[in-house]
Amino acid sequence: MTLASTIHYGPHAEQVADLWLPGGAGPHPGVVLVHGGCWRAHYRRDLEEHVAADLAARGLAVWNVEYRRLDCGGEWPAPLDDVVAAALALPPEIDPARVALAGHSAGGHLALLAANRVRVRGVLAQAPVCDLPLALQLGACSGAVERLLEHGAPSPIDEPPGGDVLLVHGDADRHVSVELSRAYARGGHAIYVELVGCGHMEHLDPASEAGRLAGNWLQRLLA
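Here the structure is a predicted model, which means the values were calculated and not measured.

Student: Is there a simple way to explain the side chain of S155 in this structure?
Tutor: Position of S155 relative to the elements: it lies in the loop between helix 5 (144-150) and strand 7 (164-170). Ignoring sequence-local partners within four residues, the contact set of S155 consists of L113, C130, D131, L132 and P133.

So, in structure tokens, the structure goes:
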């Protein structure tokens, strides 16, 4: 597997994505990967590099998306607009009929919403901020959730995507409360897996239980 190139999908400096490719001839099944970090400018797509490399080793192409974030041109709806634009601008190495969205934390919020706006086989949401009012109540992403709500950002819990959805959350998550995913899961719109003792950042480690679960599910979905 290899990081093949970094490609602009739009004119803004933040509208870029890294293309990771497996070996062999394409086009390949692909994952549009959306990083978290409270929609803040400080956090970038390099958070997902280990995940991208693992998925490429599993035979999947990865489109690791950067997007406009708060404090770098990303007042709502720019973050979601960018994820949708990136998913619609797949490079030719990715088979558009075999694509999934995957997002962690704030990226899970964006991936779930984007799945209603682009055609994908399914979506993986890891410790997602899937209910903004509840996230505000529970103190997640201090300041960022308020800004999104002020600009009218929706919650995935209010517009769940169709198709295959896997929601994974750890009961030891101190950054995004597991109560958000429990609330989403009660609607019956996702396969929900709650991991005992799992925190927030374990999802970014392909060798962790959360990482293996995610990689295996994406492989099966796109096979």
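Read on for the rest.
Student: Which parts of the structure should I look at to understand helix 2 (residues 78-87)?
Tutor: Side chains that are three or four residues apart share a direction in an α-helix, a result of its 3.6 residues per turn. Where burial is concerned, most of helix 2 is hidden: eight out of the 10 residues are buried. Listing the buried residues of helix 2 in full gives A78, P79, L80, D82, V83, V84, A86 and A87.

Student: In this structure, what is going on with the state of the cysteines? I would like to understand it.
Tutor: As used in these notes, a disulfide is a covalent bond between sulfur atoms, one from each of two cysteines. Enumeration according to the criterion identifies one disulfide in this entry. Linked covalently through their sulfurs, C38 and C141 form a disulfide whose S-S length is 2.2 Å. The sign of the S-S torsion, about -75°, decides the handedness of the disulfide formed by C38 and C141: left-handed. Of this pair, C38 sits in the loop between strand 3 (28-34) and helix 1 (49-57) while C141 is found in the loop between helix 4 (132-138) and helix 5, placing the two residues 103 residues apart along the sequence. In this model C72 remains outside any disulfide bridge; the closest cysteine sulfur is found in C38, 14 Å from its own. Unpaired in this structure, C130 has its nearest cysteine sulfur neighbour in C141, at a distance of 12 Å. A relative accessible area of 0% means that C130 is categorised as buried.

Student: In this structure, what is going on with the pattern of salt bridges? I would like to understand it.
Tutor: Opposite charge on two side chains allows them to pair when their charged atoms are near. Here the structure, examined in full by the defined rule, presents 15 salt bridges. Its salt-bridge partner being D95, residue R98 comes within 2.8 Å of it at the nearest N-O pair. The network of salt bridges with common partners includes E14, D18, R44, R45, E66 and R69.

Student: Where do I start with the packing of helix 2 against helix 3 (residues 106-114) in this structure?
Tutor: The description of two helices packed together rests on the angle between their axes and the distance between the axes. Interhelical geometry of helix 2 versus helix 3 gives an angle of 60° and a closest axis separation of 10 Å. Here helix 2 lies oblique to helix 3, going by the angle between them. The handedness of the crossing between helix 2 and helix 3 comes out as right-handed. Mapping the contact onto sequence places P79, L80, V83 and V84 in helix 2 and L110, L113 and A114 in helix 3. Of the residues in the contact of helix 2 with helix 3, the class split is seven nonpolar, no polar and no charged.

Student: Got a minute to help me understand the nonpolar core in this structure?
Tutor: Generally speaking, soluble globular proteins have nonpolar side chains that are buried together. W39, W63, L101 and L110 are the most contacted members of the largest nonpolar core, which totals 48 residues. Among the elements that take part in this core, helix 3 stands out by supplying six residues, more than any other. With sequence-adjacent residues up to four places away left out, W39 is seen in contact with R69, L70, A106, H109, L110, V129, L132, C141, A144, V145 and L148. With 24 residues, the next largest nonpolar core counts V51, A56, A100 and L124 among its residues.

Student: Help me out: how do you make sense of the environment of G163 in this one?
Tutor: Examined against the element boundaries, G163 turns out to sit in the loop between helix 5 and strand 7. Separated by 12 residues in sequence, G163 and H151 have C-alpha atoms that sit 28 Å apart.

Student: Help me understand the pairing of strand 2 (residues 16-21), please; the structure alone is not making it clear to me.
Tutor: Regular strands place side chains that alternate from one sheet face to the opposite one. Among the six residues of strand 2, six are classified as buried, and the element is accordingly described as predominantly covered. Relative to strand 4 (residues 61-65), strand 2 runs antiparallel, the two sharing four bridges. Residue W20 lies in a different strand from strand 4, and its bridge partner there is V62.

Quick notes on the rules
- Residues numbered from 1 in each chain as written.
- Predicted model: local features only at pLDDT ≥ 70, side-chain atom pairs only at ≥ 80, totals over all residues.
- Heavy atoms only, no water.
- Helix = DSSP H or I, 4+ residues; strand = E, 2+ residues; numbered from the N terminus.
- Contact = heavy atoms within 4.5 Å.
- Buried < 20%, exposed > 50% of the residue type's maximum accessible area, 1.4 Å probe, protein only.
- Disulfide = S-S within 2.5 Å.
- Salt bridge = Lys/Arg side-chain N within 4 Å of Asp/Glu carboxyl O.
- Axes fitted to C-alpha atoms, helices over the stretch in contact; angles between N-to-C directions.
- Parallel < 35°, antiparallel > 145°, perpendicular 65-115°, else oblique.
- Left-handed = near helix turned anticlockwise from the far one by under 90°.
- Nonpolar A, V, L, I, M, F, W, Y, C, P; charged D, E, K, R; others polar.
- Core = buried A, V, L, I, M, F, W, Y, C linked by side-chain atoms within 4.5 Å.
- Pairing = 2+ DSSP bridges.

None of the figures reported here should be taken as evidence of function without further support.
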